[in-house]
Amino acid sequence: MAKQTWIVSEGSKDRLDKYLSANSELSRSRVQQLAEDGLIFVNDKVAKSALKVIEGDVITCDVPENQTVDVVAENIPLDILYEDSDIIVINKTKGMVVHPAVGNYQGTLVNALLYHCKDLSGINGVIRPGIVHRIDKDTTGCIVACKNDKAHESIAKQIENKTCHRIYKTIVVGNIGHDDGMIDAPIGRDPRDRQRMKVTDVNSREARTHFHVLERFQTATYLECSLETGRTHQIRVHMKYINHPVMGDEKYGKRCPYMDTQGQVLHASELVLVHPTTGEEMTFHAPLPDYFERLLEILRKGRKA
């Protein structure tokens, strides 16, 4: 990564993304993505793209080096929950990366979408066409992609305004004693490992996760979680923070001994959004994947808490 620095000029009251797009070679959408990834700092604090910058503010950004990548369409089967001329809602499988990145230029959801769809929104560029939000590689379930810029802007605004609701199912290690709770703890990048996030007051952003206990087992708890914010690895980081890491999450916990598949037991089970053209509120459900159901059966055979 190349570190770049700007000092805000006299009289400026622009949003961060507007200021940087006007004073650098970065596009506004590129600035927004860098901010979402926690790579832009204003006065040494992680900054949102909507932050108003003023004279004297020091902006620094760790800009990843540009790479020339040909993103090709691939005939990869998709579990399509809904599709029209504006949006497509997918039940993503375990192990599928959402968009191409270092080490994963093929086999991603974007590669599959390019084959399936004639058009995708271009706001996020050639690497992330149509992608308005992400879920982790080993997280399964609902994800929406947009076929045009109007739809993309609408869904992105809903996510920003917290009117697009996402509900997850997960199984965590240990027994959570209370039926409902809310974790309110800021999340930032782990300075010792840039691939990990952590709860920290340093260069972090607010993060809130609500959870409800669905079922208890001797060694685990089955939860439903809803996100008030959408930080990278949010549920996984928050569950580790309260000493109940997501089962199978080797990055923040341990591999699950009951599963053949790798990765966290986390499923985006429900997505609620307002259709960008009709204005209709739509709810999409993704059934629990087989690996998740099998784990529940194993845990239910043991003694319940």
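Located above this text is the structure these notes cover.
In this text, all values refer to a predicted model and were calculated from it rather than measured experimentally.

Student: Go over the sheet that holds strand β4 (residues 58-63) with me, naming the residues and quoting the values.
Tutor: As summarised here, the arrangement of the four strands in space is β1-β4-β2-β3, forming an open sheet in which the pairing is antiparallel. Edge positions in the open sheet fall to β1 (2-7) and β3 (45-46), since each of these has one partner strand only. Note: strand β2 (residues 40-42) against β4, three bridges, orientation antiparallel. For V42, the partnering residue across the bridge sits in β4 and is I59.

Student: Which residues make up the side chain of H233, and what are the values?
Tutor: Looking at the element boundaries, H233 is found in the loop between β14 (220-227) and α5 (234-241). Beyond its immediate sequence surroundings of up to four residues, H233 is in contact with D136, Q195, M197, K251 and Y252.

Student: Summarise unusual backbone geometry; cite the residues concerned and give the values.
Tutor: Positive phi is not limited to glycine here, since N43 has a value of about 55 degrees. As for its position among the elements, N43 is in the loop between β2 and β3. The residue H233 is not glycine, and still its phi comes out positive at about 60 degrees.

Student: Before we move on, can you summarise the nonpolar core with the specific residues and values?
Tutor: Judged by nonpolar contacts, the single largest core of 31 residues is most densely connected at L109, L113, Y168, L223, I235 and M239. Contributions of two or more residues to this core are made by β6 (87-92), α3 (109-116), β7 (140-146), β8 (165-173), β13 (208-216), β14, α5 and β15 (266-274). Sort the elements by how many residues they give to this core and α3 lands first, with four residues. Once you skip the residues sitting within four places of it in the chain, Y168 turns out to touch I135, T139, L223, E224, C225, L227, I235, L266, H267, A268 and S269. Membership of the second largest hydrophobic core comes to 17 residues, among which are L26, L34, V53 and V63.

Student: An account of the pattern of salt bridges is requested, with residue identities and associated values reported.
Tutor: If you walk through the whole model with that rule in mind, you get 13 salt bridges. Two residues, D17 and R15, come together in a salt bridge whose shortest N-O distance is 2.7 Å. The closest approach of N and O atoms between E228 and R208, which form a salt bridge, is 2.7 Å. Residue E228 is located in the loop between β14 and α5, and its partner R208 is located in strand β13; the two are separated by 20 residues in the primary sequence. When its relative accessible area of 29% is taken as the criterion, E228 is described as partly exposed. Shared partners join several salt bridges into a network, and the residues in it are K48, E206, R208 and E228.

Student: Now, about the packing of helix α1 (residues 16-23) against helix α2 (residues 28-36): what can you tell me, with residues and values included?
Tutor: For the pair α1 and α2, the least separation of the axes is 8 Å and the interaxial angle reads 125 degrees. For the element pair α1 / α2, the angle class is oblique. When the axes of α1 and α2 are compared, the crossing they make is right-handed. Here α1 contributes L16, D17, K18, L20 and S21 to the contact with α2, which in turn contributes R28, V31 and Q32.

Student: Any chance you could break down the sheet that holds strand β12 (residues 204-205) for me, citing the residues and the numbers?
Tutor: Sheet architecture is open: three strands sit in the order β11-β10-β12, paired in antiparallel fashion. Two strands in the sheet have a free side with no partner beyond their single neighbour: β11 (193-199) and β12. Here strand β10 (residues 187-190) pairs with β12 via two bridges, running antiparallel. Counterpart to G188 in the pairing with β12 is S204. Packed onto the sheet, α5 meets β10 and β11 and runs at close to 55 degrees relative to β11.

Student: Provide a residue-level description of the packing of aromatic side chains, including the pertinent values.
Tutor: Enumeration over the complete set of coordinates arrives at three aromatic pairs. Arranged with centres 5.5 Å apart and planes meeting at 45 degrees, the rings of Y82 and F284 form a pair that is tilted. Placement of the pair is Y82 in strand β5 (residues 80-83) and F284 in strand β16 (residues 281-285), with a sequence separation of 202 residues. For Y82, a relative accessible area of 24% gives the class partly exposed. The class for F284 is buried, based on a relative accessible area of 6%. Where Y222 meets F292, the ring centres are 5.8 Å apart and the plane angle is 55 degrees; that geometry is what we call tilted. Of the two residues, Y222 is situated in strand β14 and F292 in helix α6 (residues 290-301); the sequence distance between them amounts to 70 residues. Among the aromatic residues, those joined into a ring-pair cluster are Y222, Y291 and F292.

Student: Describe α2, and please don't skip the residues or the numbers.
Tutor: Within α2 the residues assigned to the buried category are V31, Q33, L34 and A35. Contacts from the buried residues of α2 go to α1, β2, β4 and β12.

Student: Could you give me a rundown of the pairing of β13, with the residues and numbers involved?
Tutor: Relative to β13, strand β9 (residues 180-184) runs antiparallel, the two being bridged by five bridges. In the strand pairing of β13, I183 is matched with T209. Judged from the seven bridges that link them, β13 and β14 form a sheet pairing that is antiparallel. By the bridge assignment for β14, R216 is matched with T221. Between β13 and β14, which pair antiparallel in sequence order, lie three residues.

Thresholds applied
Residues numbered from 1 in each chain as written. Predicted model: local features only at pLDDT ≥ 70, side-chain atom pairs only at ≥ 80, totals over all residues. Heavy atoms only, no water. Pairing = 2+ DSSP bridges. Helix = DSSP H or I, 4+ residues; strand = E, 2+ residues; numbered from the N terminus. Contact = heavy atoms within 4.5 Å. Core = buried A, V, L, I, M, F, W, Y, C linked by side-chain atoms within 4.5 Å. Buried < 20%, exposed > 50% of the residue type's maximum accessible area, 1.4 Å probe, protein only. Salt bridge = Lys/Arg side-chain N within 4 Å of Asp/Glu carboxyl O. Axes fitted to C-alpha atoms, helices over the stretch in contact; angles between N-to-C directions. Parallel < 35°, antiparallel > 145°, perpendicular 65-115°, else oblique. Left-handed = near helix turned anticlockwise from the far one by under 90°. Phe/Tyr/Trp six-rings, centres within 6.5 Å; stacked < 30°, edge-to-face > 60°.

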